[in-house]
Amino acid sequence: MKIIKKDDSDFPEKLKNIKPQIKQIYIEGKLENLNEFGIAIIGSRNSSKQGEEITKEFTKKLIEKGINIISGMAIGIDSVAHTTCVQNGGKTIAVIGSGLNSIYPKENYELYKKILETGGTIVTEYSPETKANPKNFPLRNRIVSGLADGILVIEGKYRSGTTITGKYGLKQGKEVFCIPHGISNSYGTGPNSLIKEGAKLITTPNEIIKNFEQK
């Protein structure tokens, strides 16, 4: 484990202007991953089968291009994105809402180890023994969006951590991409609302890739 304070020379540039400010981060794994190009893939904890399949498809295509995948190591879409990444030779960053000695959720402890074994990174702003607390997760999401160069929203309800992360991304000036959903689909209220606020509607991984290749 390494502790990096905001004034340290190796504190990630992407996190220096995040609000609320980050005083320090605790990391395991490769620090350099935090400065590389990455896309956050986020979605519902109570994920749908369709959402999981879309997550797998997009994750595989993005890591083929050498893009790091960032998420929050929650159950559901986060776990699918991380797992697909480690199973297919990609690098992934997990931003957690607890301390490094208190991995949450417990069922993802094996995933946590796999992320580190495959060259990924675990990062948190919470001291090692900090237990998971519901109030930590909305704040955690600003780090997910802060580290990302783009954010892909798979699915999520209107009032959800997924939507909060997307809103953080828009405020931070990040590219936010959303999978559209039918108006009667409760999983789609979050992505659809973000599209109304300026996120980009996409249906293929290549749209994300081309978006950044053109810049």
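Each value, and the rule that gives it
- Residues numbered from 1 in each chain as written.
- Predicted model: local features only at pLDDT ≥ 70, side-chain atom pairs only at ≥ 80, totals over all residues.
- Heavy atoms only, no water.
- Helix = DSSP H or I, 4+ residues; strand = E, 2+ residues; numbered from the N terminus.
- Buried < 20%, exposed > 50% of the residue type's maximum accessible area, 1.4 Å probe, protein only.
- Contact = heavy atoms within 4.5 Å.
- Phe/Tyr/Trp six-rings, centres within 6.5 Å; stacked < 30°, edge-to-face > 60°.
- 1 Å grid on protein atoms, 1.4 Å probe; cavity = no way out; pocket = protein on both sides within 12 Å on 5 of 7 lines; lining within 4 Å.
- Points joined across faces, edges and corners; volume = space filled by probe spheres on them.
- Nonpolar A, V, L, I, M, F, W, Y, C, P; charged D, E, K, R; others polar.
- Salt bridge = Lys/Arg side-chain N within 4 Å of Asp/Glu carboxyl O.

Caption draft 1: Structural detail: the side chain of S71. On the secondary structure map, S71 appears in strand β4 (residues 68–71). For S71, a relative accessible area of 0% translates into the label buried. Excluding residues that lie within four positions of it along the chain, S71 makes contacts with I41, I42, D78, H82, I93, A94, V95 and V144.

Caption draft 2: Expanded view of the packing of aromatic side chains. Applying the stated rule across the entire model yields four aromatic pairs. Centroid distance F37 to F212: 4.9 Å. Interplanar angle 80°. Geometry classified as edge-to-face. Here F37, found in the loop between β2 (24–29) and β3 (38–42), pairs with F212, found in helix α7 (residues 205–213); they are 175 residues apart in sequence, far enough to count as distant. Overall, F37 belongs to the partly exposed group, its relative accessible area being 34%.

Caption draft 3: Main features of the layout of surface pockets. A volume near 220 Å³ is recorded for the largest pocket. For the largest pocket, the lining is made up of 17 residues, of which G43, S44, R45, G161 and T162 are closest to its centre. Breaking the lining of the largest pocket down by element, the ones donating at least two residues are α4 (136–147) and α5 (161–171). For the lining of the largest pocket, a count of residues per class yields three nonpolar, nine polar and five charged.

Caption draft 4: Region of the structure containing the pattern of salt bridges. One pass over the full model with this rule turns up nine salt bridges. Linking E110 and K113 is a salt bridge whose minimum nitrogen-to-oxygen distance equals 3.2 Å. Of the two residues, E110 and K113 both sit in helix α3 (residues 109–117), three residues apart, roughly one turn of that helix. What makes K113 partly exposed here is its relative accessible area of 30%.

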